[in-house]
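# Fold and geometry: a report
The lines below spell out each chain.
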Amino acid sequence: MKKIMDNLMIKMSLKMNLLAESLRKENGDTNFISIIIVLGIVLALVVVFRGYITTILGKISNAVNSFSNDPFPQ
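None of the values given here were measured: they were computed from a predicted structure.

For the protein chain, the helix and strand inventory stands at three helices and zero strands. When the helices and strands of the protein chain are listed from N to C terminus, the series reads α-α-α. Here the protein chain holds 74 residues, and 0% of them are scored as buried. Accessible surface for the protein chain amounts to roughly 7400 Å². Of this, 69% is attributable to carbon and sulfur atoms.

Pasting the structure below:
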């Protein structure tokens, strides 16, 4: 009788472990839609700012240079 109970306990323990493992397992495509949306936004921004990139970089460069030459103008 003890051997039967031990076997039942082992089987129940294994089934509980399998159930717990299946509940913890994550599927890799849960954020697939959000990744596609972010990529679409990035590509749209690239298209919009492609013509302005040299102007933007020039202004940033001028701002950095003016700050490095005189960080606290009076």
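To continue, consider the confidence of the model for the protein chain. Regions with low pLDDT carry predicted coordinates that are not meant to be interpreted in detail. When pLDDT is averaged along the protein chain, the result is 80; 85% of the residues meet or exceed 70. Within the protein chain, the lowest mean pLDDT, 82, falls on helix α1 (residues 2-24), and the highest, 87, falls on helix α2 (residues 32-49).

Cut-offs used in this document
Residues numbered from 1 in each chain as written. Predicted model: local features only at pLDDT ≥ 70, side-chain atom pairs only at ≥ 80, totals over all residues. Heavy atoms only, no water. Helix = DSSP H or I, 4+ residues; strand = E, 2+ residues; numbered from the N terminus. Buried < 20%, exposed > 50% of the residue type's maximum accessible area, 1.4 Å probe, protein only. Areas by Shrake-Rupley, 256 points an atom, 1.4 Å probe, with all protein chains shown as cover. pLDDT = per-residue confidence, 0-100.

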